[in-house]
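# Understanding the architecture of this molecule
Chain residues, written in single-letter form:
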Amino acid sequence: VLPRPSILLTNTKCRIDLTIGRIFPRTSMPKQWAASGAKLVLPKLDVLFGEALSSERERLIGRNDHLMQVQPLNEPTFVSFRGQEMVEVE
């Protein structure tokens with residue numbers, strides 16, 4: 001018997017680059033979100049997959065009884081016209 005995929009990720013640390021913005025013309029995002037076409041890139045976000053399953057549900061993922069809680073380990077930064085800014089990740 002194979003373990004659930006979520007078991008294999010427990011206590012795994014990852015570094016991801018996150019891009020937030022409208023990338024497809026047909027998206028489920030509300031039209032007012034990212035309407036300018038701008039994107040927010042958050043490089044080097046470190047996360048830890050916890051042991052607990054998430055209580056959040058995401059309708060676009062479909063069956064999601066194995067979604068895990070993910071804990072951010074740092075707060076990524078980006079540079080804007082105001083200089084370097086930190087982004088609080090929940």
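Scope of this entry: the structure provided in the associated data block. (Residues numbered from 1 in each chain as written. Predicted model: local features only at pLDDT ≥ 70, side-chain atom pairs only at ≥ 80, totals over all residues. Heavy atoms only, no water.)

## Examining the overall build of the protein
For clarity, the cut-off: Strands here are runs of E lasting at least two residues and helices are runs of H or I lasting at least four, both read from the DSSP assignment and numbered beginning at the N terminus. When checking whether two residues touch, look at their non-hydrogen atoms; a contact exists if any pair is within 4.5 Å. In this description, accessible areas are obtained by the Shrake-Rupley approach with a 1.4 Å probe, and a residue is regarded as covered only by the protein chains that are shown.
If you tally the helices and strands in the protein, you get one helix and five strands. From first element to last, N terminus to C terminus, the protein shows the α and β order α-β-β-β-β-β. Sequence separation of 24 or more characterises 50% of the internal contacts of the protein that already satisfy a separation of 6 or more. Per element, the accessible surface of the protein, about 7500 Å² overall, is 56% carbon and sulfur.

## Thoughts on the pattern of salt bridges
Note the threshold: One side-chain nitrogen of Lys or Arg within 4 Å of one carboxyl oxygen of Asp or Glu is enough to make a salt bridge.
Tallying each qualifying case throughout the model produces two salt bridges. As a salt-bridge pair, Asp46 and Arg15 come within 2.8 Å of each other at their nearest N and O atoms. Residue Asp46 is located in strand β2 (residues 40-53), and its partner Arg15 is located in strand β1 (residues 13-20); the two are separated by 31 residues in the primary sequence. As a salt-bridge pair, Glu85 and Arg82 come within 3.1 Å of each other at their nearest N and O atoms.

## Section: the sheet that holds β2
Within a beta sheet, neighbouring strands are joined by backbone hydrogen bonds and run either parallel or antiparallel to one another. Definition in use: Here, any two strands with at least 2 DSSP bridges between them count as paired. To get an axis, fit a line to the C-alpha atoms, keeping to the stretch in contact for a helix; angles then go from 0 to 180 degrees between the N-to-C directions.
Spatially, three strands are ordered β1-β2-β3 in an open sheet, and the strand pairing comes out antiparallel. Edge positions in the open sheet fall to β1 and β3 (68-72), since each of these has one partner strand only. Each neighbouring strand pair of the sheet contributes to a mean axis angle of 45°, computed without reference to strand direction.

## Examining the pairing of β2
For β1 and β2, the ladder comprises seven bridges, and the chain directions are antiparallel. Looking at β2, one finds that Thr19 is bridged to Val41. Here β2 pairs with β3 via four bridges, running antiparallel. Looking at the pairing, Leu48 lines up with Gln71 of β3.

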